[in-house]
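Survey of secondary and tertiary structure
Spelled out, the chains give:
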Amino acid sequence: MKKIINAMTFLVAAIGFGLPTQQLSVQASPTTIPKNYSFDIAKIDSMAIPYYSVNTNKNAYIWNDQHTKRIHNLKHYPNTVWMVYKANIRRINGKRAIYYQAESAYNSKITGLIYSGYLNKNIAKAPVLFKTDDQYSNYINTDRSQIIAKKIAKLFPNSKISLELSKHSENANNPVINFEEPIYLTKQLNPFSLMSKTPTQIINLVKAELEHQGYNAQKRAALKDYSIGLNVAINVEYIETEPILRAVSSSIYPQNYGQYYDDNSSGTISLSIAKSK
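Residues numbered from 1 in each chain as written. Predicted model: local features only at pLDDT ≥ 70, side-chain atom pairs only at ≥ 80, totals over all residues. Heavy atoms only, no water.

Regarding the pattern of salt bridges
Side chains bearing opposite charge may pair, as long as their charged atoms lie close to each other. Counted according to the given criterion, the structure contains one salt bridge. Residue Asp-262 is joined to Lys-121 by a salt bridge in which the shortest nitrogen-to-oxygen separation is 3.1 Å. Taken together, the positions of Asp-262 in the loop between α6 (242–249) and β14 (268–275) and Lys-121 in strand β8 (residues 119–121) put the pair 141 residues apart, joining distant regions of the chain. (Salt bridge = Lys/Arg side-chain N within 4 Å of Asp/Glu carboxyl O. Helix = DSSP H or I, 4+ residues; strand = E, 2+ residues; numbered from the N terminus.)

Observations regarding helix α3 (residues 163–170)
Extensive coverage of α3 is indicated by the burial of seven of its eight residues. Of the positions making up α3, those classed as buried are Leu-163, Glu-164, Leu-165, Ser-166, His-168, Ser-169 and Glu-170. On its buried face, α3 sits against α1 (133–142), β10 (160–161), β11 (183–184), β12 (226–233), β13 (237–239) and β14. Residue Ser-162 occupies the N-cap position of α3, its side-chain oxygen lying 3.3 Å from the main-chain nitrogen of Glu-164. (Buried < 20%, exposed > 50% of the residue type's maximum accessible area, 1.4 Å probe, protein only. Contact = heavy atoms within 4.5 Å. Polar contact = N/O pair within 3.5 Å; in protein donor to acceptor, adjacent residues only side chain to side chain.)

Some thoughts on the packing of aromatic side chains
What the rule picks out here adds up to seven aromatic pairs. Ring centres of Phe-130 and Tyr-139 lie 4.8 Å apart, and the angle between their planes is 45 degrees; this geometry places the pair in the tilted category. The same class applies to Phe-130 and to Tyr-139, which are both buried. Ring pairs connect the aromatic residues Tyr-99, Tyr-115 and Tyr-118, which therefore count as one cluster. Over the aromatic face of Tyr-61 sits the side chain of Arg-70, whose NZ or CZ is 4.0 Å from the ring centroid. Lys-219 extends its terminal NZ or CZ atom over the ring of Tyr-215, reaching a point 4.5 Å from the ring centre. (Phe/Tyr/Trp six-rings, centres within 6.5 Å; stacked < 30°, edge-to-face > 60°. Lys NZ or Arg CZ within 6 Å of the ring centre and 35° of its normal.)

Focus on the environment of Asn-256
For Asn-256, the position within the fold is in the loop between α6 and β14. Distance in space between the C-alpha atoms of Asn-256 and Ile-44 is 8.3 Å, their sequence separation being 212 residues.

Overview of the confidence of the model for the protein chain
The share of residues in the protein chain with pLDDT of 70 or more is 87%, and the mean pLDDT across the chain is 86. When the criterion is pLDDT under 50, residues 2–28 qualifies, and its contacts beyond four places in sequence or with other chains add up to 102 contacts. (pLDDT = per-residue confidence, 0-100.)

A word on the sheet that holds β14
Strands belonging to one sheet form pairs held by backbone hydrogen bonds; the direction of such a pair is parallel or antiparallel. Pairing is mixed in the open sheet, where four strands are placed in the order β10-β12-β14-β11. Across the chains shown, the open sheet's two edge strands, defined by having one partner strand only, are β10 and β11. Here two bridges tie β10 to β12, and the two strands are oriented parallel to one another. Within β12, the position partnered with Ile-161 by the bridge is Ile-228. Lying on the sheet, helix α2 (residues 147–154) is in contact with β10, β12 and β14; it crosses β12 at an angle near 160 degrees. Across the sheet, α3 lies against β10, β11, β12 and β14, angled at about 45 degrees from β12, the strand it touches most. (Pairing = 2+ DSSP bridges. Axes fitted to C-alpha atoms, helices over the stretch in contact; angles between N-to-C directions.)

Spelled out as structure tokens, the structure:
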């Protein structure tokens, strides 16, 4: 996956690995089990791969490593990001399936063996992959990877999300044409303090920092003539090109795709506000 480069606003740990961006062949089906499949982050020098629960209303158990004892239930952790660090094929009850060794991003003591069908990759698309404000705003309001961005946007109830400002937050080389000079917020937050925090904890830290900068709830609500730029990547696979998006979306299982590989490219939260010209 492509390395995150973000020189502004609220920069958090920009962890990732630079990879080529040429086209490649992908799996015919996202659920096809690759031949001789196994995955271990230690072999690709990566962080654990972020996933989320597919269905939070049904029982979906986490087992001990021997698959002899249920130790947790995914439905009790509906908003948790699960960090997959190993995966391999197991034969359970006579059936061949892939199981992940994973742990909670927020509590490493919650760990165990999870059936792959219970989880999806937590993929976040960069602003550069969108064409309009409406597209990007709808993505933030509906995509599972954008829970934090959605909550931040709600802190500015009368301000619209601007794709132009968001692209500029992603990369300072992307020009700001239709706005006055952006104001960059929350720069003082500890860049390494968010990776193990829940979305609610992160939002509380963001709110506290905004108020410290003089942007309390009343002032934020008064910013009717301002738009906001948002670019959020916390415990996600952050994707900046269509070829990489096609590759990592081609299989539900973490793996090496030849030119690319699944990677935890967390993390950045960039927040800016600006008035239209």
